[in-house]
Amino acid sequence: MREDLLTIKEIYKDPGAFYGKEVRLAGWIRNIRDSKVFGFIDLNDGSCFSNLQVVFEADKLDNFEQIAKLGVGSAILVKGILTESPGAKQPFEVKAESIAVEGVSPSDYPLQKKRHSFEFLRTIAHLRPRTNTFSAVFRLRSILAYAIHKFFQERDFVYVHTPIITGSDCEGAGEMFRVTTLDLNALPLDDQGKVDFSEDFFGCDTKLTVSGQLSAEAYALAFRNVYTFGPTFRAENSNTARHASEFWMIEPEMAFADLADDMKLAEDMMKYIISYVLEHAPAEMEFFNSFIDKELLERLNNIVSSEFAHVTYTEAVKLLEKSGEAFNYPVKWGMDLQTEHERYITEKVFKKPVFVTDYPKEIKAFYMRLNDDGKTVAAMDLLVPGVGEIIGGSQREERLDYLDARIEELGLNKEEYWWYRELRKFGGTRHAGFGLGFERAIMYMTGMSNIRDVIPFPRTPRSAEF
RNA sequence: UCCUCAGUAGCUCAAUGGCAGAGCACUCGGCUGUUAACCGAGGGGUUACUGGUUCGAGUCCAGUCUGGGGAGCCA
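Residues numbered from 1 in each chain as written. Chains lettered and ligands numbered in written order. Predicted model: local features only at pLDDT ≥ 70, side-chain atom pairs only at ≥ 80, totals over all residues. Heavy atoms only, no water.

The helix and strand inventory of chain A stands at 13 helices and 16 strands. In terms of principal-axis extent, the alpha carbons of chain A reach across some 85 × 60 × 45 Å. Out of the 466 residues in chain A, the part that is buried amounts to 50%. Averaging the positions of the 56 positive and the 72 negative side-chain charges in chain A gives two centres separated by 5 Å. (Helix = DSSP H or I, 4+ residues; strand = E, 2+ residues; numbered from the N terminus. Buried < 20%, exposed > 50% of the residue type's maximum accessible area, 1.4 Å probe, protein only. Lys, Arg positive; Asp, Glu negative; His and termini not counted. Charge placed at Lys NZ, Arg CZ, Asp CG, Glu CD.)

Pasting the structure below:
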């Protein structure tokens, strides 16, 4: 049976090939309207964005009564003839010869035919992929993931699977989730009364990764160009539309590369993946442009064809100081740029993606390479209109004495970084990389404004039900 | 975590401190080409929770919980 099944996507690719012929389809009822002796079903089979209209008639089906009573959400198998449709809203339809019910959907099915709020749909995360918006979002998510792999693979970057469980606390990118098999009601204690992690599964205190970067650096110093693409975890109590506790990151790392190479890669990648989804998901992108964000396609097309802007942190501060804008937070060299500042720069000054580079070392991570001025580091953030920071990257400090100085300045434990330091000791080279938040990229390309709506089952503070 | 707004039927929302309402959904009936079908009827409520003020609270007050928007942290 299964191999006989056609998909709606296949029919749309070449409808002429199927006109007048018998087709077999399987899918879910999105809408059903019945009259005394005939009815219409809008069938969605998940293969593409479009529904297919199924016409069913009492004199053709022996189970007409049963079919007419089916609720939205029911799963059915349809056998029928594909014909051109007299109706205005669809080019073709299937005249059913038989319909088998695979799974009914009772009257308490929570999805209506009309629009729901995203807030409500989050409470039924197991059913929301059956809606138009989420169907489009998650198909796009899949296509975008493929585009990212394709971009790096075409450039001979090696895909590295960095660990999810990490033994050290030295990734330096935020609060971490602890991984343990210890009985929390009977914790083993050492002679100082502290938890004895030598009794734990790994024999030490372990956490979920917040970044694959340090591991990726090790592989870059062997393969030259590598990338990671996997889940990361942050235990921060962030309650915003742009933060999740579990999200995916893409982290390329290149040896024999500096910050300029890094920005070139980031710009090429952004343009590549935008072009890719525009070309390979036109129906979904058109949907987002119509129902989610009216300026989406214009903005994305504009980005593909324009040069990204570049500005140093110091120049950005000057621009903000003489802008005359009344910011809630003061602008001062040495302070990190606030969200309102970033938005002003990317949305008002440049009106396109902007790399902000060379931040003061005090507000950036220990591994970023110190510039010759001794005050700034070779870091870059890519700011985009609407989303804000989408990429953060840097050239890494390859000089061991400089790295050690920063580790000591920040009061970090040098021993914990022993293998990271050895990468500098044995054939260290200049190298650079960045992190792209996968969900933020999806938000940017769909116009969706809440990260919870671009992750199938999002994890956020106090929320992990599904 | 902070600021702010909100929480009433399955959903989206009304209701001056004075009878708990509508549209959609759902159930039943009607309808020979519908398009978020249409027409008729019906069922459906611990007004988030706890306490307080009041003759009387969905409405006012306090606390808690949940959600939205903004901020911090960041990707």
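The discussion continues.
Here we take up the protein's contact with RNA strand B. As a matter of local geometry, RNA strand B sits amid 50 residues, with Asn-31, Lys-95, Lys-114, Thr-240 and Arg-440 nearest to it. When the atoms of RNA strand B within 4 Å of the protein are sorted by group, sugar and phosphate make up 51%. A distance of 2.7 Å separates a base oxygen of RNA strand B from a polar atom in the side chain of Gln-53. Glu-389 places a polar side-chain atom, nitrogen or oxygen, 3.4 Å from a phosphate oxygen of RNA strand B. Those elements giving two or more residues to the surface near RNA strand B turn out to be strand E1 (22-34), strand E2 (38-44), strand E5 (92-103), helix H3 (118-122), strand E11 (246-255), strand E15 (388-395) and strand E16 (431-437). Its residues assigned to classes, the surface near RNA strand B shows twelve nonpolar, 20 polar and 18 charged. (Near = heavy atom within 4 Å. Polar contact = N/O pair within 3.5 Å; in protein donor to acceptor, adjacent residues only side chain to side chain. Nonpolar A, V, L, I, M, F, W, Y, C, P; charged D, E, K, R; others polar.)

Together, Ile-164, Ile-165, Phe-201 and Phe-202 line one region of the surface with nonpolar side chains, adding up to about 390 Å² of accessible area. Owing to a relative accessible area of 37%, Ile-165 belongs among the partly exposed residues under this scheme. (Patch = residues over 30% accessible without salt bridge, like charges linked within 9 Å, V, L, I, M, F, W, Y side chains within 5 Å. Areas by Shrake-Rupley, 256 points an atom, 1.4 Å probe, with all protein chains shown as cover. Salt bridge = Lys/Arg side-chain N within 4 Å of Asp/Glu carboxyl O.)

This part covers helix H5 (residues 213-223). Residues Gln-213, Leu-214, Ser-215, Ala-216, Glu-217 and Ala-220 constitute the buried set of H5. Contact partners of the buried residues in H5: strand E10 (225-233), E11, helix H12 (418-425) and E16. Downstream of H5 by a residue or two, Arg-224 has a phi angle that is positive, lying close to 75 degrees. (Contact = heavy atoms within 4.5 Å.)

With that settled, the discussion passes to the sheet that holds strand E14 (residues 376-384). Strand order in the open sheet formed by eight strands is E6-E10-E11-E16-E15-E14-E13-E12, and the pairing between neighbours is mixed. A strand with exactly one partner marks an edge of an open sheet, and here the two such strands are strand E6 (158-159) and strand E12 (309-312). Across six bridges, the pairing between strand E13 (residues 354-360) and E14 is antiparallel. Note on E14: the bridge partner recorded for Pro-360 is Thr-376. Across the sheet, helix H10 (residues 339-349) is in contact with E13, E14 and E15; its angle to E14 comes to roughly 65 degrees. Its contacts with the sheet place helix H13 (residues 438-446) against E10, E11, E14, E15 and E16, and it is angled at close to 60 degrees to E16. (Pairing = 2+ DSSP bridges. Axes fitted to C-alpha atoms, helices over the stretch in contact; angles between N-to-C directions.)

Here E2 lies mainly inside the structure; five of its seven residues are buried. Connecting the antiparallel pair E1 and E2 is a turn made up of three residues. As paired strands, E2 and strand E3 (residues 52-57) are joined by six bridges and run antiparallel to one another. The partner of Phe-40 across the bridge, within E3, is Val-55.

Moving on, we come to the sheet that holds strand E7 (residues 165-166). Ordered by their spatial adjacency, three strands build an open sheet running E7-E9-E8, and the pairing between neighbours is antiparallel. Both outer strands of the open sheet, E7 and strand E8 (178-179), are each paired with one neighbouring strand and no more. For E7 and strand E9 (residues 206-208), the ladder comprises two bridges, and the chain directions are antiparallel. Residue Ile-165 lies in a different strand from E9, and its bridge partner there is Leu-208.

Further remarks concern the side chain of Glu-217. If you trace the backbone, Glu-217 turns up in helix H5. The exposure class assigned to Glu-217 is buried, which follows from its relative accessible area of 0%. In terms of polar contacts, Glu-217 uses its side chain to reach the side chain of Gln-213, at 2.8 Å. Contact partners of Glu-217, with chain neighbours within four places excluded, come to Glu-253, Arg-396, Tyr-420, Leu-423, Arg-424 and His-431.

Enumeration over the complete set of coordinates arrives at 27 salt bridges. We note a salt bridge from Asp-42 to Arg-33, for which the minimum N-O separation is 3.3 Å. Given a relative accessible area of 34%, Arg-33 falls into the partly exposed group. Arg-406 is paired through a salt bridge with Glu-409; the nearest N and O atoms lie 2.8 Å apart. Of this pair, Arg-406 and Glu-409 are both found in helix H11 (residues 400-409), three residues apart, which corresponds to roughly one turn of the helix.

The residue Trp-248 is located in strand E11 in this model. Trp-248 sits in the partly exposed class, given a relative accessible area of 32%. Between the C-alpha atom of Trp-248 and that of Ile-345, which follows or precedes it by 97 residues, the distance is 27 Å. Look past the residues within four positions of Trp-248 in its chain and what remains in contact with it is Arg-141, Phe-229, Gly-230, Pro-231, Leu-436, Gly-437, Phe-438 and Glu-439.

Another point: the packing of aromatic side chains. The tally for this structure, following the rule as stated, stands at 29 aromatic pairs. For the pair Phe-287 and Phe-291, a centre-to-centre distance of 4.9 Å together with 35 degrees between the ring planes defines the contact as tilted. In this pair, Phe-287 and Phe-291 are both assigned in helix H7 (residues 282-291), four residues apart and thus about one turn of the helix distant. Overall, the relative accessible area of 8% leaves Phe-287 in the buried class. Ring pairs connect the aromatic residues Tyr-146, Phe-151, Phe-152, Phe-157, Tyr-159, Tyr-227, Tyr-272 and Tyr-276, which therefore count as one cluster. A cation sits over an aromatic face here: Arg-399 above Tyr-402, 3.7 Å from the ring centre. (Phe/Tyr/Trp six-rings, centres within 6.5 Å; stacked < 30°, edge-to-face > 60°. Lys NZ or Arg CZ within 6 Å of the ring centre and 35° of its normal.)

Read these as geometric descriptors, not functional statements.
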